[in-house]
Amino acid sequence: MEAIDYQGTVELKLCEKATERLNPINGILELTPLCNMNCDMCFVRLSPQEMQKQGRVRSGEEWIFLAEEMRRAGTLFVLLTGGEPLLHPDFRDIYITLKKMGMILTINTNGTLINEEWADFFARYKPRRINITLYGKDEETYENLCHDPEGYRRVRKAMELLKERHVDVKINSSITPKNIHDLDALCRIAEDKGTAWKFDTYMYPASRERLSDFDLQSRLFPQEAAAARVRIMEKKEKENFLQAAARLLSLGDAPEGDAIPSPVKCRAGRSSYVINWQGKMRPCIMLTKPEADVFQLGFSEAWKEITNAVSNIRLNAKCSACTMREACQSCAACAFLETGAFDGVPEYMCQYTKETLRLLKDICKKKQFGDMSRGD
């Protein structure tokens, strides 16, 4: 799952080459764990009291010093996230300095803090894109899921302000039991905005630095999540849905592979990294290990530790042999969070993938039967 959207084949090829050479071209900086909302499924957000027990937010000077090390090491694409990154007191200084360094910046935000002043700032210093998470279709859902009834009104206003200023926005959403009833409306809102959008139905059971375990009731059952995924595909692909379904079905019907433990295949710890609010470098935003203290070791040494650790990770041999392996979204983070081990078999993801393929197959069959009965 890419945190940064690449534009064109040149950027993709740059990232592919970087992955081959273990060059850290992609960075995610988690500026703060603090957030003005408190979503049920969030794995990052801490209250000020919880944060103080575990550390402190790094200053703008510290992030800027680190960014210079990142630049020298070859980092080009940077995602600024949180918590809510706009809450960092030095956000503007960090953002402008990284932009002047030539880094291509993307921002993850819940959007609720973006007013006229913030919109003008981003119009003047345009990011590659601002990813805004839309959690529901109205105040009621925001109250139930995010515990902020005013959030819906503010995020809709933020999208309008940014659109007026021609700042590129992507709408993201995480589908949970508390907003599944909003799914069709969320798709309509995204379509009406005429912008890029992506809704996730698989929820990693991550808790990270939070003091309590992930509440499994905050995510859908695998069969429900698969059904929501297919509904989203139908809404997004429209007249191209059958072709998209056929592509995924072909991937999900591969010949049985060799039952050999496989290495990490994504960019995590190979060309991508995350540095959390405490200064811990990790390969993936979902994980707490492996990790290295970047402010103690320096960027290059921390990156060496992470790449070495990731090179030793092996996934379960059963996953390598599975006929659904090419259609499955399982990864090292998924395996670890679902089972407690990188080489575990994530049963939730198995069920999720199997049900997705079953539903797609049924829809394709019904469509073909309907075409035949009409003589098409």
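Before reading on, note that the structure itself is shown above.
Residues numbered from 1 in each chain as written. Predicted model: local features only at pLDDT ≥ 70, side-chain atom pairs only at ≥ 80, totals over all residues. Heavy atoms only, no water.

Draft legend 1. Summary view of the sheet that holds strand 4 (residues 129–133). Within the open sheet, the 9 strands sit side by side as 6-5-4-3-2-1-7-8-9. Their pairing is mixed. Every interior strand has two partners, whereas the edge strands, strand 6 (196–200) and strand 9 (292–293), have only one. Against the sheet, helix 4 (residues 91–100) touches strand 1 (26–30), strand 2 (77–81) and strand 3 (104–109), its axis set at about 150° to strand 3. (Pairing = 2+ DSSP bridges. Helix = DSSP H or I, 4+ residues; strand = E, 2+ residues; numbered from the N terminus. Contact = heavy atoms within 4.5 Å. Axes fitted to C-alpha atoms, helices over the stretch in contact; angles between N-to-C directions.)

Draft legend 2. View of the side chain of D182. By the secondary structure assignment, D182 is in the loop between strand 5 (169–174) and helix 8 (183–193). A polar side-chain atom of D182 sits 3.0 Å from the main-chain amide nitrogen of K137. D182 has contacts with G136, K137 and T141, leaving out every residue within four places of it along the chain. (Polar contact = N/O pair within 3.5 Å; in protein donor to acceptor, adjacent residues only side chain to side chain.)

Draft legend 3. Examining the pairing of strand 1 more closely. Most of strand 1 sits inside the fold, with 5 of its 5 residues counted as buried. Taking every second residue as pointing to the same face, both faces of strand 1 are buried, with N26, I28 and E30 on one and G27 and L29 on the other. For strand 1 and strand 7 (residues 272–275), the ladder comprises 4 bridges, and the chain directions are parallel. Paired with N26 across the two strands is S272, which belongs to strand 7. (Buried < 20%, exposed > 50% of the residue type's maximum accessible area, 1.4 Å probe, protein only.)

Draft legend 4. The arrangement of the environment of L46 in detail. Turning to its location among the elements, L46 is positioned in the loop between strand 1 and helix 2 (48–54). Given a relative accessible area of 1%, L46 falls into the buried group. Among residues more than four places away in sequence, those in contact with L46 are P33, L34, M51, Q54, E209, R210 and W277.

Draft legend 5. Spotlight on the nonpolar core. The biggest cluster of nonpolar side chains holds 91 residues, and the ones touching the most others in it are F91, F122 and F199. In terms of residue count, helix 7 (residues 151–164) provides more of this core than any other element does, 6 residues in total. Dropping the residues within four chain positions of it, F91 is found in contact with L31, L80, P85, L86, I107, W118, F121 and F122. In this structure, A244, L248, A327 and L360 belong to the second largest nonpolar core, which totals 13 residues. (Core = buried A, V, L, I, M, F, W, Y, C linked by side-chain atoms within 4.5 Å.)

Draft legend 6. Spatial organisation of the packing of aromatic side chains. For the structure shown, the criterion picks out 19 aromatic pairs. Aromatic pair F91 and Y95: ring centres 5.7 Å apart, planes at 20°, arrangement stacked. Note that F91 and Y95 are positioned in helix 4 at a spacing of 4 residues, about one turn of the helix. Put simply, the rings of F91, Y95, W118, F121, F122 and Y125 touch in pairs and so form one group of aromatic residues. One cation-aromatic arrangement involves R92 over F121; the distance from NZ or CZ to the ring centre is 5.3 Å. Positioned over the ring face of Y348 is R219, at 3.8 Å from the centre of the ring. (Phe/Tyr/Trp six-rings, centres within 6.5 Å; stacked < 30°, edge-to-face > 60°. Lys NZ or Arg CZ within 6 Å of the ring centre and 35° of its normal.)

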